[in-house]
Amino acid sequence: GPNIAKVPSGKGLKDYQEIYNDIAGKIEENLDYDGGAGFYGQLVRLSWHASGTYDKNTKTGGSFYGSMIYDPESSDGANAGLAAGRDFLYEFAVKYPWISRGDLWTLGGVVAVQESGGPKVPWRPGRVDSFDKRDIPPPGNLPDASEDGKYVRNLFKRMGFGDRETVALIGAHCLGKCHTHNSGYEGPWGPSFNMFTNDFFVRLLQGWHVRKWDGPKQYEDDESNSFMMLPTDIALKEESYFLKYVKLYAADQDLFFKDFSKAYAALLELGVEYPRGSKPFLFKTIDEQES
Ligand code: CCH
């Protein structure tokens, strides 16, 4: 049935801004985590994997039920390593027992994008926890990084996204790193992996070659051999229907921010229905509240 958002009674912008501030404060206390990446990448990936299971054809999956703690979703290989983000946020589920897991995990992503210098992301609460087996999506809905452009196109189409939104969303690879113990892949996409920028697209257009190593096929940059791209990242420059957006975003960070914000807000709301007239919150960053 339709997953209609239910906001806990009496809760509004002020209450969620308080949780936002707590999450931002804990991120700030852990800036050294993961070799200086902090928790930005981890939290954005958690929000994306909680949401990206959505299938528009069956109207299943998505962030509504906060189901990633249950099998078979929890043991999906694609979700390896995300317990770190869920554990990071857990203290706020205890402190604010009225917030659902889906709301907390998606809010964590919004905090990470905004606090790392990215765009404002409109966000709405009201996801509702479930442990019903029927509400847990099957494994295999999240992308396999060894694949090609056609595969990426079809996978994001299943969520309801077009080529432009797909390219914008993958620009989140400006944040964080790959970890051999999670995915088999290794390394960050660029040097500023704790800052939300359009750097992923700028670098993608530069020269890349296949890395010689024992791990899965990944690329490294010609200039320094220090940064990485996944096969699915490189696919964004191999297909003309993606490449035009890579070029747009590399040349214009404001445009990337605008498109990313819209597509990411939509991603976090896949499979959630809101009452008519429901209005998204826009959170203030910590900097804005201090000045
Ligand atoms: Fe991603 N991503 N992602 N990704 N991802 C990985 C890490 C991050 C793919 C594969 C991988 C999106 C799309 C794709 C982040 C955000 C987004 C890793 C390494 C793989 C593999 C995981 C590890 O080893 O820890 C593939 C394939 C696609 C699509 O084709 C989208 C969309 C988003 C967000 C909107 C972020 C952030 C990370 C860094 C995580 C960290 O721990 O630092």
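A. Quick peek at helix α6 (residues 149–159). Listed as buried for α6 are Gly149, Val152, Leu155, Phe156, Arg158 and Met159. Next to the buried residues of α6 lie α3 (40–51), α7 (163–170), α9 (231–238), α10 (240–251) and α11 (253–268). Of the residues flanking the end of α6, it is Gly160, one or two places downstream, whose phi is positive at about 105°.

B. Structural view of the coordination of the iron atom of the ligand. No protein donor other than His173 (NE2) coordinates the iron atom of the ligand, and that contact is at 2.1 Å. Tracing the sequence through the fold places His173 in the loop between α7 and β1 (177–178).

C. Main features of the site of the ligand. Residues in close proximity to the ligand total 23 residues, the closest being His173, Lys177, His179, Asn182 and Ser183. Within the side chain of His179, an N or O atom sits 2.7 Å from an oxygen atom of the ligand. One of the side-chain N or O atoms of Ser183 is found 2.6 Å from an oxygen atom in the ligand. Those elements that place two or more of their residues in the shell around the ligand are α3, α7 and β1. Per-domain counts for the shell around the ligand show at least three residues from each of domain 1 (13–142 + 264–290) and domain 2 (149–254).

D. How the structure looks around the layout of surface pockets. Estimates place the volume of the largest pocket at around 910 Å³. Forming the boundary of the largest pocket are 39 residues, of which Arg45, Trp48, His49, His173 and Trp189 lie nearest the centre. Residue contributions to the lining of the largest pocket peak at six residues, all from α3. Class assignment for the residues of the lining of the largest pocket results in 21 nonpolar, 13 polar and five charged. A domain-level breakdown of the lining of the largest pocket finds at least three residues from each of domain 1 (13–142 + 264–290) and domain 2 (149–254).

E. Geometry of the side chain of Ser51. As for its placement among the helices and strands, Ser51 is situated in helix α3. If sequence neighbours within four positions are ignored, Ser51 has contacts with Gly62, Ser63, Thr106, Leu267, Leu268 and Leu270.

F. Structural detail: the environment of Ile4. Topologically, Ile4 is positioned in the segment before α1 (13–29). Owing to a relative accessible area of 40%, Ile4 belongs among the partly exposed residues under this scheme. In contact with Ile4, not counting residues within four places along its chain, are Phe64, Gly126 and Glu273.

G. Here's a closer look at the packing of α3 against α11. For the pair α3 and α11, the least separation of the axes is 8 Å and the interaxial angle reads 55°. In terms of orientation, α3 lies oblique with respect to α11. Together, Val44, Ser47, Trp48 and Ser51 of α3 and Tyr264, Leu267 and Leu268 of α11 make up the contact between the two elements. Within the contact of α3 with α11, the residues separate by chemical class into five nonpolar, two polar and no charged.

H. Structural context of the sheet that holds strand β4 (residues 219–221). Strand order in the open sheet made by the three strands is β3-β4-β5, with antiparallel pairing throughout. The sheet is open, and its two edges are formed by β3 (208–210) and β5 (228–229), each paired on a single side. Bridging between β3 and β4 involves three bridges; their strand directions are antiparallel. Across the sheet, residue Val210 finds its bridge partner in β4, namely Tyr219.

I. Highlighting the packing of aromatic side chains. Scanning the model with the defined rule gives 22 aromatic pairs in all. Ring geometry for Phe201 against Phe256: centres 5.1 Å apart, planes inclined by 75°, an arrangement best described as edge-to-face. One end of the pair, Phe201, is in helix α8 (residues 199–204); the other, Phe256, is in helix α11, and 55 residues separate them in sequence. Taking the relative accessible area as the measure of exposure, Phe201 reaches 0% and is therefore buried. When its relative accessible area of 0% is taken as the criterion, Phe256 is described as buried. Over the aromatic face of Phe88 sits the side chain of Lys26, whose NZ or CZ is 4.6 Å from the ring centroid. Looking at Arg153, its charged tip hangs above the ring of Tyr241, at a distance of 3.6 Å from the centre.

J. Here's a closer look at the environment of Met68. By the secondary structure assignment, Met68 is in the loop between α3 and α4 (83–95). Accessibility expressed as a relative area gives 1% for Met68, which makes it buried. Linking Met68 and Leu236, residues 168 residues apart in sequence, is a C-alpha distance of 28 Å. Among residues more than four places away in sequence, those in contact with Met68 are Leu46, His49, Ala50, Glu73, Ser74, Asn79, Leu82, Arg86 and Trp105.

K. Local environment of the environment of Lys217. Positionally, Lys217 belongs in the loop between β3 and β4. Under the relative-accessibility criterion, Lys217 is labelled partly exposed at 49%. Along the primary structure Lys217 and Leu230 are separated by 13 residues, whereas in three dimensions their C-alpha atoms are 7.8 Å apart. Of note is the side chain of Lys217, whose polar atom sits 3.4 Å from the side chain of Tyr219.

Calculation notes
- Residues numbered from 1 in each chain as written.
- Predicted model: local features only at pLDDT ≥ 70, side-chain atom pairs only at ≥ 80, totals over all residues.
- Heavy atoms only, no water.
- Buried < 20%, exposed > 50% of the residue type's maximum accessible area, 1.4 Å probe, protein only.
- Helix = DSSP H or I, 4+ residues; strand = E, 2+ residues; numbered from the N terminus.
- Contact = heavy atoms within 4.5 Å.
- Donors = N, O, S within 2.8 Å, 3.2 Å for Na, K, Ca; no water.
- Near = heavy atom within 4 Å.
- Polar contact = N/O pair within 3.5 Å; in protein donor to acceptor, adjacent residues only side chain to side chain.
- Domains from an automatic or database assignment.
- 1 Å grid on protein atoms, 1.4 Å probe; cavity = no way out; pocket = protein on both sides within 12 Å on 5 of 7 lines; lining within 4 Å.
- Points joined across faces, edges and corners; volume = space filled by probe spheres on them.
- Nonpolar A, V, L, I, M, F, W, Y, C, P; charged D, E, K, R; others polar.
- Axes fitted to C-alpha atoms, helices over the stretch in contact; angles between N-to-C directions.
- Parallel < 35°, antiparallel > 145°, perpendicular 65-115°, else oblique.
- Pairing = 2+ DSSP bridges.
- Phe/Tyr/Trp six-rings, centres within 6.5 Å; stacked < 30°, edge-to-face > 60°.
- Lys NZ or Arg CZ within 6 Å of the ring centre and 35° of its normal.

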